Amino acid sequence: MFVSPAYAQAAGGGPAGFELVSFLPLILIFVVFWFLMIRPQQKKMKQHREMIAAIRRGDRILTSGGIFGTVTKVLGESELQVEIADGVRVRIARGTVSEVLAKTEPAKRSAAEDDEEEEEVEEASEVKGRSAKG
């Protein structure tokens, strides 16, 4: 036969040691994802948590279901009572609030209300002190 098979003289192969250059594209992709996707999403989530924590009575809100309402009562850390129509009040989870449309100013308290609150706090601390001793 006229054609002879060609054999490789010496196999060069890949580099034997660890090279950072081979991981550079992967690292660059992660950095781009961090600044373009992950970091802005974390900032948005933090702002939403702060907004939900600051909700108080009288605020106009929009729920994630598209219902507009006014907060009539804060029932706890995770629950609100919202008036969605005249005389129609519903209980919703704080997490379903997607936007606070109008913030209200905190209600100004009279001196009498402040005195009552101080008395309640003092009574509660006395009761707590008695229960700890007995």
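Look up: the structure comes first, before these words.
Residues numbered from 1 in each chain as written. Predicted model: local features only at pLDDT ≥ 70, side-chain atom pairs only at ≥ 80, totals over all residues. Heavy atoms only, no water.

A closer look at the overall build of the chain
1) Next: The helix and strand tally for the chain stands at two helices and five strands.
2) Next: In the chain, the succession of α and β elements from N to C terminus is α-β-β-β-β-β-α.
3) Next: Per-residue burial for the chain yields a buried fraction of 12% across its 134 residues.
4) Next: Taking the intrachain contacts of the chain between residues at least 6 apart in sequence as the baseline, contacts between residues at least 24 apart amount to 41%.
5) Next: Accessible area for the chain stands at about 11400 Å²; split by element, carbon and sulfur atoms hold 59% of it. (Helix = DSSP H or I, 4+ residues; strand = E, 2+ residues; numbered from the N terminus. Buried < 20%, exposed > 50% of the residue type's maximum accessible area, 1.4 Å probe, protein only. Contact = heavy atoms within 4.5 Å. Areas by Shrake-Rupley, 256 points an atom, 1.4 Å probe, with all protein chains shown as cover.)

A closer look at the nonpolar core
1) Next: Listed in full, the eight residues of the largest apolar core are Ile55, Ile61, Val71, Leu80, Val82, Ile92, Val97 and Val100.
2) Next: Only β3 (79–85) and β5 (97–102) provide two or more residues apiece to this core. (Core = buried A, V, L, I, M, F, W, Y, C linked by side-chain atoms within 4.5 Å.)

Regarding the sheet that holds strand β1 (residues 60–63)
1) Next: Ordered by their spatial adjacency, five strands build an open sheet running β4-β3-β2-β1-β5, and the pairing between neighbours is antiparallel. Two strands in the sheet have a free side with no partner beyond their single neighbour: β4 (88–93) and β5. Going from strand to strand, the sheet's axes swing by 45° on average, the running direction of each strand aside.
2) Next: The sheet contact formed by β3 and β4 spans six bridges and is antiparallel. Looking at β4, one finds that Val82 is bridged to Val90. (Pairing = 2+ DSSP bridges. Axes fitted to C-alpha atoms, helices over the stretch in contact; angles between N-to-C directions.)

With respect to helix α1 (residues 24–53)
For the α-helix, the turn length of 3.6 residues means that residues three or four positions removed from each other point alike.
1) Next: Taking 1.5 Å of rise per residue, the 30 residues of α1 would be expected to cover 44 Å, and the 42 Å separating its terminal C-alpha atoms lies within 8% of that figure.
2) Next: Of all the bends in α1, the greatest, near 45°, is centred on Trp34. (Expected span 1.5 Å × (residues − 1). Bend = angle between axes of the 7 residues up to and from the residue.)

Things to note about the pairing of strand β2 (residues 68–74)
1) Next: Sheet topology note: the β1/β2 ladder contains three bridges and is antiparallel. Across the sheet, residue Arg60 finds its bridge partner in β2, namely Thr70.
2) Next: In textbook terms, the turn of a hairpin is the stretch between consecutive antiparallel strands, and for β1 and β2 this stretch comprises four residues, one of which, Gly66, has a positive phi near 90°.
3) Next: Bridge count between β2 and β3: four bridges; the pairing is antiparallel. When the sheet's bridge partners are listed, Val74 is paired in β3 with Leu80.
4) Next: The antiparallel hairpin formed by β2 and β3 contains four residues in its connecting segment.

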